[in-house]
Amino acid sequence: MIRQKIVAGNWKMNGSKESIVSLISGLLEMDSSSSEVVVAPSFPYLSQVDGLISASSIVLAAQNVSQEVKGAFTGEVSTSMLGDFGVKYVLLGHSERRSLYGETNELVASKVKTVLDSGLTPMLCIGETLAERESGKTLEICEQQLQAVIDLVGIASFEQLVIAYEPVWAIGTGLSASAEQAQEVHESIRSFLAKSSESVSQKVQILYGGSVKASTSSALFQMPDVDGALVGGASLDAKEFIAIVKTAG
Ligand code: PEP
C-alpha cells in the first residue's frame, strides 16, 4: 500500500509576527514535494500563517483544541474556530499536553471525537517514556493510548486520522530513535490495529517524531512503516525543515 508521506512542523510555543514572516518565506522557497508539508503555529498566528501559505501547497495544523464544541469554556479554542482559519490537522495527545497539562487517554479520545465530528483531521500522538521503554512497556503504553480512541470512535475512524509515534524520551532531547527502533514500533502499531481492521491498519499514516533532523530523516523515511515525521525544534529553521522534506521525496 502506497501511503503519502507527511512532514509536519510543530512550532510549539515559539515565534512572533516577525519571525513567522521570515520562517514562512524561507519555506516558500521549497521545491514541490510529493510529501504533504504541514506547519502547526500557536493559535494567535493561525490567521497570519493561513494568509502567508494560501498560494502554496503547505497545509495548516493547530497544536491543540477543546473537546467541547462551543460555550462557556474561557480560554479554550473550538474546532469550528480552527476551521475558520483553514486548519486541516489538529495535534492531539502530544506528550507535552499529556505530561504538563494532565491530558488522559480518555480526554485525548474525546478530543479526537470532537475533531472527527468537525471534519478536521486529528494527528494523534502516542508514545512511551524512557522508564516505560526500559521496563519493556513500549507497546503496552502505545496500545492503551490507541485503545482509548478505538473504544470511543471505532476503528473505522482511523481512516480519517494520522498517528504520530513520538517516544517521549526522544522529544526535544536530541536523542532520536534509530530508524530500526521506529520501524519496530510502527510495525507493531499496524499489527495492533490489524486485529480490529486489516484495511485500516494498511491505510493509516504513521509518522515518527522525536528529535528528527535532516541527518536522521533519510534513514527513517526508508522504513516501510514510517510515513513521515512530526518535527519540533528543527521545524523552526526553514533550511533544516526543507532538507527534511527533501529526504521524504
Ligand atoms: C514534537 O514536539 O512533536 C517533537 C518531535 O519535537 P522535537 O523534534 O524537538 O523532538
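Note that this is a predicted model, so its numbers are computed, not measured.

## Focus: the overall build of the chain
Helix and strand counts for the chain stand at eleven helices and eight strands. In the chain, which comprises 249 residues, the share counted as buried stands at 53%. Expressed as a percentage of contacts within the chain between residues at least 6 apart in sequence, the contacts between residues at least 24 apart total 72%. Accessible surface for the chain amounts to roughly 11100 Å². Of this, 52% is attributable to carbon and sulfur atoms. Charge centroids of the chain, computed over 18 positive and 28 negative side chains, lie 2 Å from each other.

## Describing the nonpolar core
Residues Leu27, Phe158, Ile163 and Leu193 are the most contacted members of the largest nonpolar core, which totals 68 residues. Excluding residues within four positions of it along the chain, Phe158 makes contact with Leu124, Leu146, Val149, Ile150, Val153, Ile163, Leu193, Val200 and Val204. By size, the runner-up hydrophobic cluster in this structure holds 14 residues, among which are Ala8, Ala61, Leu91 and Met123.

## Quick look at the site of the ligand
Lining the immediate environment of the ligand, one finds 14 residues, of which Lys12, Glu166, Gly172, Ser211 and Gly232 sit closest. In this structure, an oxygen atom belonging to the ligand sits 2.8 Å away from a main-chain N or O atom of Gly233. Bound to the protein, the ligand loses 95% of the 290 Å² it would expose on its own. Classifying every residue of the shell around the ligand by side-chain character gives four nonpolar, eight polar and two charged.

## Structural notes on the UniProt feature "binding site: substrate" (unreviewed entry) in the chain
UniProt records the feature "binding site: substrate" (unreviewed entry) at Asn10, Trp11, Lys12, Gly172, Ser211, Gly232 and Gly233, using the numbering of this structure. Of the residues just listed, which span 224 residues, no C-alpha pair is farther apart than 13.6 Å, and they cluster in one region. When you line up the elements, Ser211 lands in the loop between strand 7 (206-209) and helix 10 (214-221). The exposure class of Ser211 is buried, given its relative accessible area of 17%. In this view, Ser211 contacts Ala170, Ile171, Gly172, Thr173, Gly174, Leu175, Ser176 and Thr216; residues no more than four positions away in its chain are not counted. In this structure the side chain of Ser211 is engaged in a polar contact, spanning 3.4 Å, whose partner is the backbone nitrogen of Thr173. Leaving out residues up to four positions away in the same chain, Gly232 has contacts with Asn10 and Lys12.

## Let's talk about helix 11 (residues 238-248)
Every buried residue of helix 11 is listed here: Ala238, Phe241, Ile242, Ile244, Val245 and Ala248. Looking straight down helix 11, one finds its buried side chains confined to an arc of 155°; they lie on one side. Of the exposed residues in helix 11, those oriented more than 90 degrees away from the buried face are Lys239 and Lys246. Tucked inside the fold, the buried residues of helix 11 contact strand 1 (6-10), helix 1 (17-27), strand 2 (36-40), helix 10 and strand 8 (228-231). Its side-chain oxygen 3.0 Å from the backbone nitrogen of Lys239, Asp237 forms the N-cap of helix 11.

## Remarks on the state of the cysteines
A full pass over the atoms with the stated rule returns zero disulfides. Residue Cys125 stays outside any disulfide, its sulfur separated by 12 Å from that of Cys142, the closest cysteine. With a relative accessible area of 1%, Cys125 lands in the buried category. Residue Cys142 is classed as buried on the basis of its relative accessible area, which comes to 1%.

## Section: the packing of helix 5 (residues 105-118) against helix 7 (residues 138-153)
Axis separation between helix 5 and helix 7 bottoms out at 8 Å; the angle between their running directions is 45°. In terms of their interaxial angle, helix 5 and helix 7 are classed as oblique. Note that helix 5 runs across helix 7; the crossing there is right-handed. Residues Asn105, Glu106, Ala109, Ser110, Val112, Lys113 and Leu116 of helix 5 form the contact with helix 7, whose participating residues are Gln144, Gln145, Ala148, Val149, Leu152 and Val153.

## Re the sheet that holds strand 8
Taken together, the eight strands give a closed barrel; going around it, the order is 1-2-3-4-5-6-7-8, and neighbouring strands pair in parallel fashion. If you compare each strand with its neighbour and ignore which way they point, the axes differ by 25° on average. Of the strand pairs in this sheet, strand 7 and strand 8 are connected by two bridges, and their pairing is parallel. Directly across from Gly209, in strand 8, lies its bridge partner Leu230.

Rules used in this analysis
- Residues numbered from 1 in each chain as written.
- Predicted model: local features only at pLDDT ≥ 70, side-chain atom pairs only at ≥ 80, totals over all residues.
- Heavy atoms only, no water.
- Helix = DSSP H or I, 4+ residues; strand = E, 2+ residues; numbered from the N terminus.
- Buried < 20%, exposed > 50% of the residue type's maximum accessible area, 1.4 Å probe, protein only.
- Contact = heavy atoms within 4.5 Å.
- Areas by Shrake-Rupley, 256 points an atom, 1.4 Å probe, with all protein chains shown as cover.
- Lys, Arg positive; Asp, Glu negative; His and termini not counted.
- Charge placed at Lys NZ, Arg CZ, Asp CG, Glu CD.
- Core = buried A, V, L, I, M, F, W, Y, C linked by side-chain atoms within 4.5 Å.
- Near = heavy atom within 4 Å.
- Polar contact = N/O pair within 3.5 Å; in protein donor to acceptor, adjacent residues only side chain to side chain.
- Nonpolar A, V, L, I, M, F, W, Y, C, P; charged D, E, K, R; others polar.
- UniProt positions renumbered as here; feature names shortened; annotations may be inferred.
- Arc of directions from axis to C-beta.
- Disulfide = S-S within 2.5 Å.
- Axes fitted to C-alpha atoms, helices over the stretch in contact; angles between N-to-C directions.
- Parallel < 35°, antiparallel > 145°, perpendicular 65-115°, else oblique.
- Left-handed = near helix turned anticlockwise from the far one by under 90°.
- Pairing = 2+ DSSP bridges.

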